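Here is how the chains run, residue by residue.
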Amino acid sequence: MAERFGGKYSPQGATQGGPRPSATVEVRPRGLWRATVLFLSAFLFLFPAFGDDPGDMLLGLGAGGLIVLAAWLTREGLKAEAAYHSRKLARRPALPRKLLGAILTGAALAVGGVIADQGLIIPLLYALVGAGLHLGAFGLDPMADKGMEGIDAFQTGRVAHAVEEGEKHLAAMQDAILRAKDRGLEKRVAQFAGAARGLFRTIETDPGDLTAARKYMSVYLMGARDATVKFADHYAQTRDASARADYEALLTDLETTFAQKTTAFLSNNRTDLDVEIAVLRDRLKLDH
């Protein structure tokens, strides 16, 4: 039979056991507004294109499309860079999105030079200057793995993969709660994500018994994600105050217990691990 978790924020009072992994704040991408400006600059090619002959119109639409793609890649590159800097162990991005954005920006400006009938040299100069300005504004993507020197590549790869999977679950939660259209709940889920990222940083520093930690993380975060999706859909339609209170209590219980138990797991204390996972599974079943 499932029992209610104890903890600082639960009715049972103060937490028991060892120290809790500290919560971390999500690192926000910097310079996203510049990517927005880059996106808007595409209209400098798109609107005039419709007043030109068919050949120039196609070139103008192509140049505008390249700018839009460059802006999107740059925005995604900034997000990937923020995630990279927020972790102690991280692989370099598999796709250098900001670099590709710079190349596409240069290509768009070169096409613009061709539309203006400026020969070949001037468009090439446009491309070089445009790519250089893009790199100056956004910088390069991280080009090397971080925190993996002198450490077993297999183990660090497993840690990095576990953290990536955890981040996907957190992103799904934060995306799902937007459907509830409640800023308070969005902040609460963000706080929860910060606590989970505290565990990620702890695992990166000392993997300990990673197999046990990954098993616990999988049940915990997947359950929290599924509960968030169900709650957000229900709350968006009903604005059920009781369901809202239950959901917030669920987050508080899981956040507190997760912080308590992961410290024991990472120090290779696996006492009653299967029991704890079973309790989590029961607790994650929300009744609407």
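One can find the structure itself at the top, above this paragraph.
Worth saying up front: this structure is predicted, and the values here are computed from it rather than measured. Here the residue index of a chain counts from 1 through its sequence in written order. Only residues with pLDDT of at least 70 get local features here, since the model is predicted, and only at 80 or more are side-chain atom pairs given and counted; chain-wide, interface and lining totals rely on the full set of residues. As a rule here, side-chain values come from all non-hydrogen atoms in the structure, and water together with hydrogens is ignored.

Caption draft 1: Geometry of the overall build of the protein chain. In DSSP terms, a helix is any run of H or I states spanning at least four residues, a strand is any run of E spanning at least two, and both are numbered starting from the N terminus. Check the secondary structure of the protein chain and you find 10 helices and 0 strands. Tracing the protein chain from N to C terminus, the helices and strands come up as α-α-α-α-α-α-α-α-α-α. A buried classification covers 42% of the 288 residues belonging to the protein chain. Should any heavy atoms of two residues lie within 4.5 Å, those residues are counted as being in contact. Contacts in the protein chain between residues far apart in sequence, at least 24 positions, make up 79% of those at least 6 positions apart. Working definition of accessibility: Shrake-Rupley area with a 1.4 Å probe, residue cover restricted to the visible protein chains. A total accessible area of about 15,100 Å² is found for the protein chain, and carbon and sulfur atoms account for 60% of it. Buried, partly exposed and exposed residues are distinguished by accessible area as a fraction of the type maximum, computed with a 1.4 Å probe on protein chains only: under 20%, between the cut-offs, and over 50%, respectively.

Caption draft 2: Expanded view of a nonpolar patch on the surface. Together, Ile121, Ile122, Leu124, Leu125, Tyr126 and Leu128 make up an exposed nonpolar region whose accessible area comes to about 590 Å². Mapped onto the elements, Leu125 comes out in helix H5 (residues 121-138). Think of a patch as exposed residues, more than 30% relative accessible area, with no salt bridge, where like charges cluster within 9 Å and nonpolar side chains (Val, Leu, Ile, Met, Phe, Trp, Tyr) cluster within 5 Å. Salt bridge criterion: a side-chain nitrogen from Lys or Arg within 4 Å of a carboxyl oxygen from Asp or Glu.

Caption draft 3: Just helix H4 (residues 97-115), in detail. In this scheme, a helix's expected span is set at 1.5 Å multiplied by one less than its residue total. Along its 19 residues, H4 runs 27 Å from first to last C-alpha, staying within 8% of the 27 Å computed at 1.5 Å per residue. Looking at H4, one finds that the buried residues are Lys98, Gly101, Ala102, Leu104, Thr105, Gly106, Ala108, Ala110, Val111, Gly112 and Gly113.

Caption draft 4: View of the environment of Gly139. Looking at where Gly139 falls in the secondary structure, it is placed in the loop between H5 and helix H6 (153-176). Separated by 65 residues in the primary sequence, Gly139 and Thr74 have C-alpha atoms spaced 10.0 Å apart. Those residues in contact with Gly139 that sit more than four places away from it in its chain are Lys98 and His134.

Caption draft 5: Seen up close, the packing of aromatic side chains. The criterion for an aromatic pair is that two Phe, Tyr or Trp rings (for Trp, the six-membered ring) have centres within 6.5 Å, with stacked assigned to planes under 30 degrees apart, edge-to-face to planes over 60 apart and tilted to the rest. In this structure the tally under the stated criterion is 3 aromatic pairs. Centroid distance Phe231 to Tyr247: 4.3 Å. Interplanar angle 5°. Geometry classified as stacked. You can see Phe231 sitting in helix H8 (residues 210-238) and its partner Tyr247 sitting in helix H9 (residues 241-266), a full 16 residues away along the chain. The class of Phe231 is buried, set by a relative accessible area of 0%. A residue is classified by how much of its surface remains accessible, and Tyr247, at 0% relative accessible area, is buried. Through pairs of rings, three or more aromatic residues link up here, namely Phe231, Tyr235 and Tyr247.

Caption draft 6: Inspection of unusual backbone geometry at higher detail. Of note in the backbone geometry, Lys181 takes a positive phi value of approximately 55° without being a glycine. Along the chain, Lys181 falls in the loop between H6 and helix H7 (183-205). One non-glycine residue with positive phi stands out, namely Arg239, at about 50°. Topologically, Arg239 is positioned in the loop between H8 and H9.

Treat this as a map of the structure, not an account of what it does.
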